[in-house]
2 protein chains.
Amino acid sequence: MSMPPVRIVMKFGGTSVADLDRIRIVAERVKHERDKGHQVAVVVSAMAGVTNRMVGYCHSLDASCDPREYDAVVASGEQVTSGLTAIALQAIGIPARSWQGWQIPFRTDGAHGKARIDTVDGAALLACMADGIVPVIAGFQGLGPDERIATLGRGGSDTSAVAVAAAIRAERCDIYTDVDGIYTTDPRIVKKARKLDRITFEEMLELASVGAKVLQTRSVGLAMREKVRVRVLSSFAPETDEAGSLVVDEEEIMEKELVTGIAYSHDEAKISVRRIPDRPGIAAAIFTPLAKARINVDMIVQSTGADGMTNLTFTVGKADQAGALDVLEGCRDDISYGEIQTAHDVVKISVVGIGMRSHAGMASTMFQTLADRGINMQVISTSEIKISVLIDAEYTELAMRALHTAYGLDAN
Amino acid sequence: MSMPPVRIVMKFGGTSVADLDRIRIVAERVKHERDKGHQVAVVVSAMAGVTNRMVGYCHSLDASCDPREYDAVVASGEQVTSGLTAIALQAIGIPARSWQGWQIPFRTDGAHGKARIDTVDGAALLACMADGIVPVIAGFQGLGPDERIATLGRGGSDTSAVAVAAAIRAERCDIYTDVDGIYTTDPRIVKKARKLDRITFEEMLELASVGAKVLQTRSVGLAMREKVRVRVLSSFAPETDEAGSLVVDEEEIMEKELVTGIAYSHDEAKISVRRIPDRPGIAAAIFTPLAKARINVDMIVQSTGADGMTNLTFTVGKADQAGALDVLEGCRDDISYGEIQTAHDVVKISVVGIGMRSHAGMASTMFQTLADRGINMQVISTSEIKISVLIDAEYTELAMRALHTAYGLDAN
């Protein structure tokens, strides 16, 4: 009795298909994987630079252009790459064919420009693979309920790849990019950053600032829900079995690290609402209007001053700062606060590790390490597997290097 | 009782949509036509240069690449222009939406890279126009029976436009290009060439060498069959009611010109099969194998030499010359000819006019004019509305200018 073939999805980003030579290398990579006896499905991004050019065209004609037309224009980039990659595969003797989102079909909710995937019909792709043909799927796009092209938003090709992997029940989804894996932290800041062999979905989601440049957050969420094992690796480095980093379910990791990585985010703006007369429900009076305005509040700290007045400090995304201030201005009479202070020269540093769940004392290491360097923590927040602090942005590198060492993450 | 709206198709070629500024001008042209109260459907080509770049990509990867993948890659150009043009229209307040070939659908025979149009479903386009929305259709492409993109071959956007005009029963199909109409002959050769206000479909087909740069022959054939009035005009010249040239059914032309234009073709190769023992059926023995090899024979002349042997001279397309010689070599024993001579420094000059049907003496003007200049006619062929002669290529300009004057075509 022969084993059923193992199915692998291989996804290549824009720099991996940047020109015809790179596309030829992609074809060789696919051949290599196929020579192992695997059935391979390929997902491709647009050639590097093409999407930006198309977006530029659209916005030059109309800064607030029709997102349905934007999608028709921008999705052309992946269409081209899928055809070219199929040709490159055929040229080295690998049967292949391109699949556009509308051909599969790849159904989305039709929120043009930022669509979410509803369903991917794996039947045609499985039939294609069973015939010995490598499907080359245009990433980043699907069909909306209006039967028009809907793109998944920037970086959506990773999500396409994971969705295809789920639809064809692939053993693994390999994301080829221009870095060789996921690191404990940003190697540009911390020289001793170490490549991780394995990381859990949850950790990957929390390490967004480290990982987002590597792997789009949305794709990790989908991989977690669909239990799709994701490998991140470089399309420029030699192929080995140990290449890259594997993002997997917690159950696949026997020896759980206490701390997996250290992330940072400069995307936070701090808002302090000061001298609020203390009364019950004051937090709701502030945060309910913000939620109604679809402004996401991240870290929150409440303190009472010597004058008996309450101060409420929280962070929002920098893009939401102006909107948040408008909302607060609008409810000034309800809350009758004294003043509002804002700051955006702040950074959020997060220590992430699935092992935190079962180990106490992880937070005190962080606090002590920062205190030893004279770094003041403005806001603190914690989740099951993460501790975050908001500090002055000028301490970013100092704090990250100190924490990387303190948690034993430094490479030998 | 109000009149039903007049429907117009406006087709813009690659130079008319070469960049964003040109696309903005296209939008203004459409607005101008729409302001007259017409319902307008737009068909667009790829931005100038894009199709060539895409074709170059495909052929670099594989000179004989899969035409289905070639189509997926190359068709992206029109997809982009359709979206951008819709955005440009919306930006000046004209409701518009892009339509891809697969969305209409535009059904073809699926001969990838050179597909023929089977049917165009006008229902969705008519509904779109009835809603006050300008459909902007990606030219050059449709869907094959395999549900994959099939392109119509180079210049196919003209054919797309005529097919759309037929499907929506348009009053007229305006082809915007970079010349301001159809001329009696090539103005680069004959300075006194004159723009024609009207020309019949039949004449236009015969004037391929003059018109092919302006209007793809296939589109004229379709227009003739579907009785779609076609206007050729420049997208760079000011819009007037007299702009361009109108290609129409014979019935629409009251005063028929004896001669409408003079065409030339350098695409002919002459083949002479010499010293064939004369016997019945010798022409069939030569032309049947050529037909089986799908080689199109154009002009034919048979002559008998002083030795009683037959000489047979004919022309084929230059691209078919080598194939024709192979075929003749293969039937050497059957025909037992003496030798084969070839020449490709020849040109076919054709005088075309619907009035020839009812007027004698048109050919003698041609023969006398050429004889007066000492130009030897190697082969002569005639059709109902055309007289063609094959002459030495170096006499091309001399012959064309002399004939242009002789037939009274010179501009004042």
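Everything below is about the structure shown above.
This write-up is about the structure you can find in this document. (Residues numbered from 1 in each chain as written. Chains lettered and ligands numbered in written order. Predicted model: local features only at pLDDT ≥ 70, side-chain atom pairs only at ≥ 80, totals over all residues. Heavy atoms only, no water.)

### Some thoughts on the interface of chain A and chain B
In this assembly, 37 residues from chain A lie in contact with 37 residues from chain B. Surface buried jointly by chain A and chain B totals about 3,100 Å² across both partners, of which 65% is contributed by carbon and sulfur atoms. Taken as a group, Leu61, Ile87 and Trp102 of chain A account for 22% of the area that chain A buries against chain B, more than any other trio of residues on that side. Our count for the contact surface shared by chain A and chain B stands at zero salt bridges. Where chain A touches chain B, the interface holds ten residue pairs in polar contact (both at pLDDT 80 or more). Put simply, the parts of the chain that give the side of chain A that touches chain B at least two residues each are α1 (20-35), α2 (50-61), α3 (67-74), α4 (76-91) and β3 (96-99) of chain A. In terms of residue class, the side of chain A that touches chain B is made up of 21 nonpolar, eight polar and eight charged. (Contact = heavy atoms within 4.5 Å. Buried area = accessible area lost by both parts, 1.4 Å probe. Salt bridge = Lys/Arg side-chain N within 4 Å of Asp/Glu carboxyl O. Polar contact = N/O pair within 3.5 Å; in protein donor to acceptor, adjacent residues only side chain to side chain. Helix = DSSP H or I, 4+ residues; strand = E, 2+ residues; numbered from the N terminus. Nonpolar A, V, L, I, M, F, W, Y, C, P; charged D, E, K, R; others polar.)

### Topic: unusual backbone geometry
A cis amide bond, omega -15°, links Ile104 of chain A with the succeeding residue Pro105 of chain A. Relative to the helices and strands, Pro105 of chain A resides in the loop between β3 and β4 (106-108). With a phi close to 50°, Lys227 of chain B is a non-glycine residue in the positive phi region. Tracing the backbone through its elements, the reader meets Lys227 of chain B in the loop between α9 (217-226) and β11 (230-234). Given a relative accessible area of 55%, Lys227 of chain B falls into the exposed group. Located in the positive-phi region is Ser336 of chain B, a residue other than glycine, with phi close to 45°. Looking at where Ser336 of chain B falls in the secondary structure, it is placed in the loop between α12 (332-335) and β17 (339-343). (Buried < 20%, exposed > 50% of the residue type's maximum accessible area, 1.4 Å probe, protein only.)

### Description of the environment of Asp180 of chain A
All names here are of chain A. By the secondary structure assignment, Asp180 is in the loop between β9 (172-177) and β10 (198-200). The exposure class assigned to Asp180 is partly exposed, which follows from its relative accessible area of 32%. Here the alpha-carbon distance between Asp180 and Ile387, two residues 207 residues apart in the chain, equals 27 Å. One polar contact links Asp180 to Tyr183, side chain to side chain, over a distance of 2.9 Å.

### Quick word on the packing of α4 of chain A against helix α3 (residues 67-74) of chain B
α3 of chain B packs onto α4 of chain A with a crossing angle of 155° between their chain directions and a minimal axis gap of 7 Å. Comparing the axis directions of α4 of chain A and α3 of chain B gives the class roughly antiparallel. When the axes of α4 of chain A and α3 of chain B are compared, the crossing they make is left-handed. Together, Gln79, Val80, Gly83, Leu84, Ala86, Ile87 and Gln90 of chain A of α4 of chain A and Glu69, Tyr70, Ala72 and Val73 of chain B of α3 of chain B make up the contact between the two elements. Partitioned by chemical class, the residues of the contact of α4 of chain A with α3 of chain B number seven nonpolar, three polar and one charged. (Axes fitted to C-alpha atoms, helices over the stretch in contact; angles between N-to-C directions. Parallel < 35°, antiparallel > 145°, perpendicular 65-115°, else oblique. Left-handed = near helix turned anticlockwise from the far one by under 90°.)

### Focus on the pattern of salt bridges
Tallied over the entire structure, the rule returns 47 salt bridges over all chains. Between Arg275 of chain B and Glu339 of chain B there is a salt bridge, with its nearest N and O atoms 3.4 Å apart. With Arg275 of chain B in strand β14 (residues 268-276) and Glu339 of chain B in strand β17, the pair connects residues that are 64 residues apart, well separated along the chain. On the basis of relative accessible area, Glu339 of chain B is assigned to the partly exposed category, the value being 29%. Through salt bridges with shared partners, one network takes in Glu33, Lys36, Arg172, Asp174 and Arg231 of chain A.

### Focus on the packing of α2 of chain A against helix α4 (residues 76-91) of chain B
Where α2 of chain A contacts α4 of chain B, the axes come no closer than 9 Å and their chain directions differ by 20°. The pairing of α2 of chain A with α4 of chain B is recorded here as roughly parallel in orientation. In this structure, α2 of chain A meets α4 of chain B at a crossing whose hand is right-handed. Contacts between α2 of chain A and α4 of chain B involve Met54, Tyr57, Cys58 and Leu61 of chain A from the former and Val80, Leu84, Ile87, Ala88 and Ala91 of chain B from the latter. Of the residues belonging to the contact of α2 of chain A with α4 of chain B, the class tally is nine nonpolar, no polar and no charged.

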